[in-house]
Amino acid sequence: DTGVSQDPRHKITKRGQNVTFRCDPISEHNRLYWYRQTLGQGPEFLTYFQNEAQLEKSRLLSDRFSAERPKGSFSTLEIQRTEQGDSAMYLCASSRDRTYEQYFGPGTRLTVT
Amino acid sequence: AQKVTQAQTEISVVEKEDVTLDCVYETRDTTYYLFWYKQPPSGELVFLIRRNSFDEQNEISGRYSWNFQKSTSSFNFTITASQVVDSAVYFCALSEVNTGNQFYFGTGTSLTVIP
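Since this is a predicted model, take the numbers as computed values, not measurements.

Participant: How would you sum up the sheet that holds strand β3 (residues 19–24) of chain A? Please name residues and give values.
Facilitator: Residues and elements named next belong to chain A. One open sheet accounts for 4 strands, arranged β1-β3-β8-β7; its pairing is antiparallel. Each having just a single partner strand, β1 (5–7) and β7 (65–68) make up the two edges of the open sheet. Averaged over all pairs of adjacent strands, the angle between their axes in this sheet comes to 15°, without regard to strand direction. Note that β7 and strand β8 (residues 75–79) share 4 bridges and pair antiparallel. Across the sheet, glutamate 68 pairs through a bridge with threonine 76, a residue of β8.

Participant: Explain the environment of Thr108(A) to me, using residue names and the numbers behind them.
Facilitator: All names here are of chain A. With respect to the element layout, threonine 108 can be found in strand β11 (residues 108–112). Exposure remark for threonine 108: the relative accessible area of 0% places this residue in the buried category. Measuring from C-alpha to C-alpha, the distance between threonine 108 and lysine 11 comes to 7.1 Å, with 97 residues separating the pair along the chain. Beyond its immediate sequence surroundings of up to four residues, threonine 108 is in contact with Gln6, Asp7, Pro8, Arg9, Phe21, Ala88, Met89 and Tyr90. Reaching out from threonine 108, the side chain makes a polar contact with the backbone oxygen of proline 8 at a distance of 2.5 Å.

Participant: So, the pattern of salt bridges: which residues are in play, and what are the values?
Facilitator: For the structure shown, the criterion picks out 7 salt bridges over all chains. For Lys3(B), the salt bridge identified is with Glu96(B), shortest N-O distance 3.1 Å. One end of the pair, Lys3(B), is in the segment before β1 (4–5); the other, Glu96(B), is in strand β10 (residues 88–96), and 93 residues separate them in sequence. On the accessibility criterion, Glu96(B) (5% relative accessible area) is buried. Of the charged contacts in the structure, one is a salt bridge between Arg51(B) and Glu59(B), with a shortest N-O distance of 2.9 Å. The partly exposed category is assigned to Glu59(B), whose relative accessible area is 29%. Counted as one network, the salt bridges with shared partners bring together Arg64(A), Glu83(A) and Asp86(A).

Participant: I'd like to hear about the packing of aromatic side chains, residue by residue, with values.
Facilitator: This model, assessed by the stated rule, comprises 25 aromatic pairs over all chains. Note on Phe65(A) and Tyr90(A): the rings are 6.5 Å apart at their centroids and 40° apart in plane angle, and the pair reads as tilted. With a gap of 25 residues between them, Phe65(A) in strand β7 and Tyr90(A) in strand β9 (residues 88–95) connect regions that are remote in the sequence. In terms of burial, Phe65(A) and Tyr90(A) fall into one category: buried. Relative to Phe105(B), the ring of Tyr37(B) has its centre 5.8 Å away and its plane inclined at 50°; by these criteria the two rings are tilted. Of this pair, Tyr37(B) sits in strand β5 (residues 32–39) while Phe105(B) is found in strand β11 (residues 103–105), placing the two residues 68 residues apart along the sequence. With respect to burial, Tyr37(B) and Phe105(B) carry one shared label: buried. By way of ring pairs, the aromatic residues Tyr33(A), Tyr35(A), Phe45(A), Tyr48(A), Tyr103(A), Phe104(A), Phe35(B), Tyr37(B), Phe47(B), Phe91(B), Phe103(B) and Phe105(B) are connected into one cluster. Note that Arg22(A) overlies the ring of Phe74(A), its terminal NZ or CZ placed 3.9 Å from the centroid.

Participant: Any details on the interface of chain A and chain B? Residues and values, ideally.
Facilitator: With 21 residues of chain A in contact, the opposing surface of chain B contributes 19 residues. Interface of chain A and chain B: buried area, both sides summed, is about 1800 Å²; carbon and sulfur atoms make up 51% of it. Three residues, Arg98(A), Thr99(A) and Phe104(A), lead the burial of chain A against chain B; their summed loss comes to 30% of the area buried on that side. Viewed at the interface, chain B and chain A are joined by 0 salt bridges. When residues of the side of chain A that touches chain B are traced back to their parent elements, those giving at least two are β4 (31–37), β5 (44–50) and β10 (103–104) of chain A.

Participant: Can you lay out the pairing of strand β6 (residues 53–57) of chain A for me, pointing to particular residues and giving the numbers?
Facilitator: Residue and element names in this part refer to chain A. In the sheet, β5 pairs with β6 via 4 bridges, with the strands oriented antiparallel. Within β6, the position partnered with threonine 47 by the bridge is lysine 57. Counting the residues between successive antiparallel strands, the hairpin from β5 to β6 contains 2 residues, one of them, asparagine 51, with a positive phi of roughly 55°.

Participant: So what's going on with the nonpolar core? Which residues, and what values?
Facilitator: Considering soluble globular proteins, one finds that nonpolar side chains tend to be buried as a cluster. Formed by 23 residues in total, the largest nonpolar core has its most connected members in Trp36(B), Phe77(B), Tyr90(B) and Leu111(B). Contributing elements (two or more residues each) for this core: β2 (10–14), β3 (19–21), β5, β8 (64–69), β9 (74–79), β10 and β12 (109–114) of chain B. The element best represented in this core is β10(B), accounting for 4 residues. Cys23(A), Leu46(A), Ile79(A) and Val112(A) belong to the second-largest nonpolar core, a separate cluster that totals 19 residues.

Criteria and cut-off values
- Residues numbered from 1 in each chain as written.
- Chains lettered and ligands numbered in written order.
- Predicted model: local features only at pLDDT ≥ 70, side-chain atom pairs only at ≥ 80, totals over all residues.
- Heavy atoms only, no water.
- Pairing = 2+ DSSP bridges.
- Helix = DSSP H or I, 4+ residues; strand = E, 2+ residues; numbered from the N terminus.
- Axes fitted to C-alpha atoms, helices over the stretch in contact; angles between N-to-C directions.
- Buried < 20%, exposed > 50% of the residue type's maximum accessible area, 1.4 Å probe, protein only.
- Contact = heavy atoms within 4.5 Å.
- Polar contact = N/O pair within 3.5 Å; in protein donor to acceptor, adjacent residues only side chain to side chain.
- Salt bridge = Lys/Arg side-chain N within 4 Å of Asp/Glu carboxyl O.
- Phe/Tyr/Trp six-rings, centres within 6.5 Å; stacked < 30°, edge-to-face > 60°.
- Lys NZ or Arg CZ within 6 Å of the ring centre and 35° of its normal.
- Buried area = accessible area lost by both parts, 1.4 Å probe.
- Core = buried A, V, L, I, M, F, W, Y, C linked by side-chain atoms within 4.5 Å.

Written out as structure tokens, the structure is:
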């Protein structure tokens, strides 16, 4: 399977803990995106990478959030000092180019208790 | 302001009925792309179609068809002879070439096909 993969699929953490999610994009895709999706809503853009460069960040991405994409391959999204409001599905997507469709991974469902 | 509006929150149809999902978008760009995605109960978003702003030809793929009208800023999606497997949440999305790199998603339409 050469689709987008995400790990873990589910994460339950206590408020105040740090969590890290991983995304492996489709190998030939230069662009990698992170989104957050809450119940009943469409995905909301968080940030995007062109190769290893993080080129855009949403205002939704507070300073507790950080994302990396070392060597332009996989990406990690870390949330520090988690809050209950961070509970959501975190989606990763990749695409060949800005004009092309994005392919989504299965997501990581985060529950903060 | 919401760039993509999907006014229908939930739709239920009986199997074999046709159903149209509405999508209205807002942009000042002359070059943009529109997309439809399906999110079945399993949760993974599945790409269905991509359309650029210069191509207003309607498209048909099996039981799916899309009607793009720039005059009304709409990109509607019709499923003909619906099946239970079509039950999912459907999202319309907009990508503006000149003003950013993100996709703007609508809030989705939840379609239930009743056997």
